[in-house]
Amino acid sequence: MKEKLEKIKLQALEEISRAATSEELNAVRVKYLGKSGEISLIMRDMANVKKEDRPEMGKLVNELRGCVEGELVEKTKAVGELEKQARLKAEAIDVTLPTDKTAGTYHPLTLIRRELIDIFRSMGFSVDEGPEIESDLFNFQLLNIPKDHPSRDMQDTFYVSDKVVLRTQTSAMQARIMTKTQPPIRVVIPGKVYRSDDDASHSPIFNQFEGLAVDEHITMGDLQGCLTTFAQKIFSSDTKVRLRPSYFPFTEPSVEVDVTCSMCHGRGCRVCKGTGWVEILGAGIVNPKVLDMCGIDSKKYSGFAFGFGIDRIAMIKFGIPNIKMLYENDSRFLSQF
Ligand code: DAH
């Protein structure tokens, strides 16, 4: 028995000293000290040892177990330390490696939106925002767009439900503001709008910029002056503005507004298709019907309104050929701004 214990001891210590990883050490521990490990089995077998030999044998087996356990603990510590060092070395970050130093840039739409807000603030307008999921009431009805108007056609409007749409125009905010505020009103509203439309100059999501001024004695002259200031600040001080008669249900009279092409300064080029002019927005005198529907006395007050695509301004100003470029977020494109 004694020799057997001695043999086990030598064998176990030899295996411990050979083990190079914590996994291997664990295997040795299981082999000798695990539930059915060699040392555990001997301890369990003690009942078969002669009674008078038991104390001595017990002592020897305990010593053996203590010795193997002690060695295992020591070696596990040492191997653990080596493994930690190896892991740290493998995961080390070389702080001397050159890093990517490209700084982010503002999106062209953000740049234009901020510039627009600054321009209109300088003319006394405040800035408001509204919901992109909008009720039919504000997006259409209060803007004098009846149920059968073509712009409500399923092809243009994304319907959420019968009475709820993804707003097709920031003009919806005109109705919202006028139903809760009495004049004087001077406000601009930038925001996303949605239409079921998709080609080089149309995207199903795009950004509009709405303006509304309601007060006593507001005229078409005020609208023209305001838009001329805006156009000359956003494009260049020699920009000319042209108003053409048009139709919108919520303005009467309505106009479409052209500016001299900022690429060729009116001489005619690819951007303006040789005409020297580019159309940038719709506007007009707020239809008295709309004022009354929103709870503003049309006998006392009048107003002007306008709306345009921020995307279109960005495309004209930066010479961007396709609206999709504004939404693809290709960093090669974005880093140019
Ligand atoms: N909401 C119009 C559109 O999306 C643009 C517009 C035209 C806005 C005339 C106005 C306006 O405020 O008076 O096409």
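Quick notes on the rules
Throughout this description, residue numbers start from 1 for each chain and increase along the sequence as written. At least 70 in pLDDT is required for a residue's local features to be given in this predicted model, at least 80 for side-chain atom pairs to be given and counted, and no such filter applies to totals for whole chains, interfaces and linings, which use all residues. Note that water and hydrogens are dropped before the side-chain values are worked out from all heavy atoms of the structure. Where each domain begins and ends is defined by an automated method or by a domain database. Pairing between two strands is assigned when DSSP locates at least 2 bridges connecting them. Only runs of H or I of at least four residues qualify as helices and only runs of E of at least two qualify as strands under DSSP, and these elements are numbered from the N terminus. Should any heavy atoms of two residues lie within 4.5 Å, those residues are counted as being in contact. Structural elements are reduced to axes, namely lines fitted to C-alpha atoms, with helices fitted over the stretch in contact, and the angle between N-to-C directions of any two is expressed from 0 to 180 degrees.

1. Observations concerning the domain arrangement of the protein chain
Part 1 of the reasoning: Under the domain assignment, the protein chain is made up of domain 1 (2–90) and domain 2 (108–334).
Part 2 of the reasoning: With centres defined by C-alpha atoms, the gap from domain 1 to domain 2 works out at 83 Å.

2. Some details on the sheet that holds strand S7 (residues 241–248)
Part 1 of the reasoning: Read across the open sheet, the seven strands follow the order S1-S5-S6-S10-S9-S8-S7; overall the sheet is mixed. Each having just a single partner strand, strand S1 (126–127) and S7 make up the two edges of the open sheet.
Part 2 of the reasoning: Both strand S5 (residues 185–194) and strand S6 (residues 205–215) contribute to a ladder of ten bridges, which runs antiparallel. Along S6, the bridge assignment pairs Arg 186 with Ala 213.
Part 3 of the reasoning: Sheet strands touched by helix H5 (residues 108–122): S1, S5, S6 and strand S10 (302–309). Its angle to S6, the strand with the most contacts, is close to 5°.

3. Section: unusual backbone geometry
Part 1 of the reasoning: Pro 183 connects to Pro 184 through a cis peptide bond whose omega is 5°.
Part 2 of the reasoning: With respect to the secondary-structure elements, Pro 184 resides in the loop between helix H7 (172–180) and S5.
Part 3 of the reasoning: If you check the backbone angles, His 265 has positive phi at about 55° while not being a glycine.
Part 4 of the reasoning: Tracing the chain through its elements places His 265 in the loop between strand S8 (251–260) and strand S9 (277–286).
Part 5 of the reasoning: Phi at Asn 329 takes a positive value of approximately 55°, unusual for a residue other than glycine.
Part 6 of the reasoning: Tracing the backbone shows Asn 329 in the loop between helix H11 (325–328) and helix H12 (331–334).

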